[in-house]
Amino acid sequence: MRTIQMSSYTVGEDCFEAIPAVLAPYQAKSVVLVGGRRALAAAAPGIRAALDSADVQILDEIVYGTDSTQSAIDTLVANQAFRDADIAFAIGGGKAIDTVKTAAKELDKTVFSVPTICSNCSSATAIAVVYNDDHSLKGYAYPDAPAHIFINPAIIAAAPEEYFWAGIGDALSKQPEVEYATSEAELTHTGTLGLTLAHTCTDPLMAYGEQGMADVRAGQSSEAVRQIALDIVVNTGYVSNLTNQPDFYYNSSLAHAFYNATTGVQRPGRTHLHGEVVSFGVLVLFAYTGDTEQLARYAAFNKKLGLPVTLAELDLDESHLQRIAELAQNTNEWKQANPAPFSPEAFIEAIKSADAFGRNLK
């Protein structure tokens, strides 16, 4: 038996107006709003206004913390308002939404997601990233996918631009990672559907990425912002749910192995966002597979958007590579070994090759 979870969604500047109708089949009498401070400030007023016409009580607005750590999840599970609510609204970016999804799973609670930034596809997925308190990777959790997503392009356009930028970087990984991971597999119907949908993930980013970034910098909701948001949240989110199953895992590969390994590497410099690092990991993947045509294509796009094309842009250098290769072998992506076992030596050489290509890029 196989059950596939796919979130339904409402998109538009007026998306919160659909909340009462979406809530009605659940016969919910109470909800709780959970997210980061800025996310709650951006979305909670609109959600409250929409619920004024419904016989639904908002029990509390809860600031979840700042990262999707196990301790943040445990704190949320212990919160009485969260425990009592019929529905939890997960509001914010990936870390907030992953925290809510994982805590809700422990209580068998339904989640509606409201992405206020588009940094990744967590608002649609049945997977969550969990970190240790020192922000190193703890592992993945497998909560239920949110039942419904409310996507408001105006809120996303008004958020800090770096999250939209990093979301593009993260979404760039979906198509090449799934294509590579499935390249030698005998696919089920579900896997085939996931691969087919993965083929749709890159083109919208390259078609609308520059305009979308310009519009977000101007705080302007636009068709480009809408298209990028739908690609990041819906396309890549649906692919994740189809390619992450109990009997197979094709959802991510070496680009995420690279990112996950770097979370355990201490180095000076600013904090680098998930999608920012993953976008360079995509270049590593193409270098690893010897696909110079796609390496050139994606590297040129990265450079155009200011995404990293060198190790130095991530405050890394060749002295870190042995440690990155060691940590990568502990990641889910490495252990899954799709389409074949990975070589640490080849991985290191691929990182060097991607870095060299980036340094020579005009």
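To be clear, the structure that these remarks concern was listed above.
Just so it is clear, the model here is predicted, and its values are computed rather than measured.

Rules used in this analysis
- Residues numbered from 1 in each chain as written.
- Predicted model: local features only at pLDDT ≥ 70, side-chain atom pairs only at ≥ 80, totals over all residues.
- Heavy atoms only, no water.
- Helix = DSSP H or I, 4+ residues; strand = E, 2+ residues; numbered from the N terminus.
- Buried < 20%, exposed > 50% of the residue type's maximum accessible area, 1.4 Å probe, protein only.
- Lys, Arg positive; Asp, Glu negative; His and termini not counted.
- Salt bridge = Lys/Arg side-chain N within 4 Å of Asp/Glu carboxyl O.
- Polar contact = N/O pair within 3.5 Å; in protein donor to acceptor, adjacent residues only side chain to side chain.
- Core = buried A, V, L, I, M, F, W, Y, C linked by side-chain atoms within 4.5 Å.
- Contact = heavy atoms within 4.5 Å.
- Pairing = 2+ DSSP bridges.
- Axes fitted to C-alpha atoms, helices over the stretch in contact; angles between N-to-C directions.
- Phe/Tyr/Trp six-rings, centres within 6.5 Å; stacked < 30°, edge-to-face > 60°.
- Right-handed = clockwise from strand over helix to strand, strands pointing away.
- Arc of directions from axis to C-beta.

Draft legend 1. Layout of the side chain of aspartate 215. In this fold, aspartate 215 is placed in helix H10 (residues 202-217). Despite being buried, aspartate 215 has no salt bridge partner; arginine 217 is the closest side chain of opposite charge, sitting 9.0 Å away. A polar contact of 2.9 Å, which involves the side chain of aspartate 215, links it to the side chain of glutamine 211.

Draft legend 2. Structural context of the nonpolar core. Grouped together as the largest cluster of nonpolar side chains are 64 residues, with contacts concentrated most on Phe164, Ile168, Phe258, Phe280, Ile324, Phe347 and Ile351. Among the elements that line this core, the one with the most residues is helix H13 (residues 274-289), at 9 residues. Setting aside chain neighbours within four positions, we find phenylalanine 164 in contact with Cys118, Ile156, Gly212, Met213, Val216, Val225 and Ile228. With 24 residues, the next largest nonpolar core counts Val22, Leu23, Phe89 and Phe150 among its residues.

Draft legend 3. Examining the sheet that holds strand S3 (residues 57-63) more closely. What the 6 strands build is an open sheet, ordered S1-S8-S5-S4-S2-S3; its pairing is parallel. Each having just a single partner strand, strand S1 (8-11) and S3 make up the two edges of the open sheet. The mean angle between the axes of side-by-side strands here comes to 20 degrees, regardless of whether they run parallel or antiparallel. Here 4 bridges tie S1 to strand S8 (residues 148-151), and the two strands are oriented parallel to one another. Bridge pairing in S8 links valine 11 to isoleucine 151.

Draft legend 4. Summary view of the packing of aromatic side chains. Inspection of the entire model under this criterion finds 10 aromatic pairs. For the ring pair phenylalanine 112 and phenylalanine 150, a centre distance of 6.0 Å and an interplane angle of 65 degrees mean the geometry is edge-to-face. A residue pair is termed long-range when its members are at least 10 positions apart, and phenylalanine 112 in strand S5 (residues 110-115) and phenylalanine 150 in strand S8 qualify at 38 residues. You can call phenylalanine 112 buried: its relative accessible area is 0%. Arranged with centres 5.4 Å apart and planes meeting at 75 degrees, the rings of tryptophan 334 and phenylalanine 347 form a pair that is edge-to-face. One end of the pair, tryptophan 334, is in helix H16 (residues 332-336); the other, phenylalanine 347, is in helix H17 (residues 344-359), with 13 residues separating them in the sequence. For the pair tryptophan 334 and phenylalanine 347, one class covers both residues: buried. Counting every residue linked through ring pairs, the aromatic cluster contains Tyr26, Phe89, Phe112 and Phe150.

Draft legend 5. View of the pattern of salt bridges. Within the structure shown, the criterion is met by 12 salt bridges. Linking arginine 48 and glutamate 61 is a salt bridge whose minimum nitrogen-to-oxygen distance equals 2.8 Å. Of this pair, arginine 48 sits in helix H2 (residues 37-51) while glutamate 61 sits in strand S3, and the two are 13 residues apart along the sequence. In this structure, glutamate 276 engages arginine 270 in a salt bridge whose closest nitrogen and oxygen atoms are separated by 2.4 Å. Take glutamate 276: its relative accessible area is 1%, and that puts it in the buried class.

Draft legend 6. Representation of the pairing of strand S6 (residues 128-131) in the model. What you see with S6 is no split at all: Ala128 and Val130 on one side and Val129 and Tyr131 on the other are buried throughout. As paired elements, S6 and strand S7 (residues 137-141) share 4 bridges and run antiparallel to each other. Residue pairing across strands places valine 129 opposite tyrosine 140, the latter belonging to S7. Here S6 folds back onto S7 in antiparallel fashion, the turn holding 5 residues, of which histidine 135 has a positive phi close to 75 degrees.

Draft legend 7. The side chain of threonine 10, seen in detail. Note that threonine 10 resides in strand S1. Polar contacts involving the side chain of threonine 10 include one to the side chain of histidine 148, which spans 2.8 Å. Those residues within four positions of threonine 10 in sequence are excluded, and the remaining contacts are Cys15, Ala18, His148, Ile149, Phe150 and Ile151.

Draft legend 8. View of the pairing of S3. One ladder, built from 6 bridges, connects strand S2 (residues 30-35) with S3; its direction is parallel. Bridge pairing in S3 links valine 31 to isoleucine 58. Handedness of the crossover joining S2 and S3 through H2 is recorded here as right-handed.

Draft legend 9. Inspection of unusual backbone geometry at higher detail. Looking along the chain, the bond that leaves asparagine 338 and enters proline 339 is cis, with omega of 10 degrees. Counting through the fold element by element, proline 339 comes out in the loop between H16 and H17. Of note, glutamine 27 is a non-glycine position whose phi angle comes to about 55 degrees, a positive value. In this structure, glutamine 27 sits in the loop between helix H1 (19-23) and S2. The exposure class assigned to glutamine 27 is exposed, which follows from its relative accessible area of 68%. Although it is not a glycine, aspartate 108 adopts a positive phi angle of roughly 55 degrees. On the secondary structure map, aspartate 108 appears in the loop between helix H5 (94-106) and S5.

Draft legend 10. Structural view of helix H3 (residues 70-78). For H3, the set of buried residues is Ala72, Ile73, Leu76 and Val77. Burial along H3 is one-sided: seen end-on, the buried residues are contained in an arc of 135 degrees. Of the exposed residues in H3, those oriented more than 90 degrees away from the buried face are Thr75 and Ala78. At its buried positions, H3 is contacted by S2, S3, helix H4 (80-84), H5 and S6.

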